[in-house]
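Here's the letter readout for the chains.
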Amino acid sequence: MSENVQLHQQEIEVKEDSLLLGIRDCIPTLLGYLSIGFAAGVVGKTSGLSVLEISLMSTLIYAGSAQFIMAGMIAAHGSAAAIILTVFIVNLRHLLLSAAMSPYFRHLSAFKTMLIGTLLTDETFGVAMNKAMNRSSLSEKWMHGLNITAYLNWIIATIAGAFFGKWITDPEKYGLDFALTAMFIGLLVLQMISRRIIRKDLIVAVCAVLIVLGAGSFVSGSVAVIIATIVAAAIGMVVEKWK
């Protein structure tokens, strides 16, 4: 009986999660998006890209780490094939993010799920997973509010960075090259605090770092990150079941 009541309560909560609530829940990440997006715009501008090219990159690719890498490879006169392959490998992690999110949208059609996955990022994934704690599903409208708000904010931030980038000739001098890493560290700390199982999270984090360092000697950094994610997640599951 208690399980039925709990499931009914979850269904009510999902129905109440509106588009506006998704927008509101995205607000804590907006400052991070603004700083990183601005940095991506500046780096793109100093790499020789125009404001229009940076705008199209943000609109069509919409991936912070990939855009930083693309800007660097373009500045180094990398080939188109190398840039495309590198961006593909870097963004393979989205397969893991989508796989982790898919169980919460089983009530939607494949097309609607695809629309949600198209705008899924590391940051919106983190917000959504925090929301999904003790839930079996998430609201489609809420997720669209979250994703679209982050998407538009990113585009605006990169355009602003591209516009003002002509006055910032050395992004590293202001630490803008570290903005992406800093945001990920902040999101990780916030998620660990909200989960309140810091010991288990630290075990997984240490394992992930060690695996990346070990695998990085044999494969590329991006592939090492994917391997570390899968193996560390498996270790975390074993630790949780064993406890």
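Nothing here was measured: the structure is a model prediction, and the numbers come from that model. (Residues numbered from 1 in each chain as written. Predicted model: local features only at pLDDT ≥ 70, side-chain atom pairs only at ≥ 80, totals over all residues. Heavy atoms only, no water.)

## So, unusual backbone geometry
And step 1. Positive phi is not limited to glycine here, since Tyr62 has a value of about 50°.
And step 2. Summarising the element assignment, Tyr62 is placed in the loop between helix H3 (51–60) and helix H4 (64–75).
And step 3. A relative accessible area of 8% places Tyr62 in the buried class.
And step 4. Located in the positive-phi region is His77, a residue other than glycine, with phi close to 60°.
And step 5. Topologically, His77 is positioned in the loop between H4 and helix H5 (80–90). (Helix = DSSP H or I, 4+ residues; strand = E, 2+ residues; numbered from the N terminus. Buried < 20%, exposed > 50% of the residue type's maximum accessible area, 1.4 Å probe, protein only.)

## Structural notes on H4
And step 1. Here H4 spans 17 Å end to end across 12 residues, near enough to the 16 Å set by a 1.5 Å rise per residue.
And step 2. The complete set of buried residues in H4 reads Gly64, Ser65, Ala66, Gln67, Phe68, Met70, Ala71 and Met73. (Expected span 1.5 Å × (residues − 1).)

## Some remarks on the packing of aromatic side chains
And step 1. The final tally for this structure, using the stated rule, is four aromatic pairs.
And step 2. Centre to centre, the rings of Tyr62 and Tyr151 are 4.8 Å apart; their planes meet at 75°, and the pair counts as edge-to-face. Residue Tyr62 is found in the loop between H3 and H4, and its partner Tyr151 is found in helix H9 (residues 140–164); the two are separated by 89 residues along the sequence.
And step 3. Note on Tyr151: relative accessible area 16%, which makes it buried.
And step 4. Between Phe163 and Phe164, the aromatic rings sit 5.1 Å apart at their centres with planes inclined by 85°, giving edge-to-face as the arrangement.
And step 5. Among the residues examined, Phe163 registers a relative accessible area of 43% and is labelled partly exposed.
And step 6. Three or more aromatic residues joined by ring pairs make a cluster, and in this case those are Phe38, Phe163 and Phe164. (Phe/Tyr/Trp six-rings, centres within 6.5 Å; stacked < 30°, edge-to-face > 60°.)

## A few points about the pattern of salt bridges
And step 1. A full pass over the atoms with the stated rule returns two salt bridges.
And step 2. A salt bridge links Arg24 to Asp25; the nearest nitrogen and oxygen atoms lie 3.4 Å apart.
And step 3. A relative accessible area of 17% places Asp25 in the buried class.
And step 4. Between Lys131 and Asp25 there is a salt bridge; the shortest N-O distance is 3.7 Å. Of this pair, Lys131 sits in helix H8 (residues 122–131) while Asp25 is found in helix H2 (residues 19–46), placing the two residues 106 residues apart along the sequence. (Salt bridge = Lys/Arg side-chain N within 4 Å of Asp/Glu carboxyl O.)

## Some thoughts on a nonpolar patch on the surface
And step 1. A grouping of Phe218, Val219, Ile227, Ile230 and Val231 is seen on the molecular surface, where their side chains present a nonpolar patch of about 460 Å² in accessible area.
And step 2. Mapping Phe218 onto the fold places it in the loop between helix H11 (198–215) and helix H12 (221–242).
And step 3. On the basis of relative accessibility, which here comes to 74%, the residue Phe218 falls in the exposed class. (Patch = residues over 30% accessible without salt bridge, like charges linked within 9 Å, V, L, I, M, F, W, Y side chains within 5 Å. Areas by Shrake-Rupley, 256 points an atom, 1.4 Å probe, with all protein chains shown as cover.)

## Concerning the environment of Leu56
And step 1. Tracing the backbone through its elements, the reader meets Leu56 in helix H3.
And step 2. For Leu56, a relative accessible area of 44% gives the class partly exposed.
And step 3. Put simply, Leu56 and Ile159 are 103 residues apart on the chain and 9.7 Å apart in space, counted from C-alpha to C-alpha.

## Points about the nonpolar core
And step 1. By size, the foremost hydrophobic cluster in this structure holds 32 residues, and its most contacted members are Met101, Phe105, Leu138, Trp142 and Met143.
And step 2. If you list the elements that add at least two residues to this core, you get H2, H4, helix H6 (93–101), H8 and H9.
And step 3. For this core, the element with the highest residue contribution is H2, accounting for eight residues.
And step 4. One finds Leu49, Met57, Ala66 and Met70 within the second-largest nonpolar core, a separate group that totals 10 residues. (Core = buried A, V, L, I, M, F, W, Y, C linked by side-chain atoms within 4.5 Å.)

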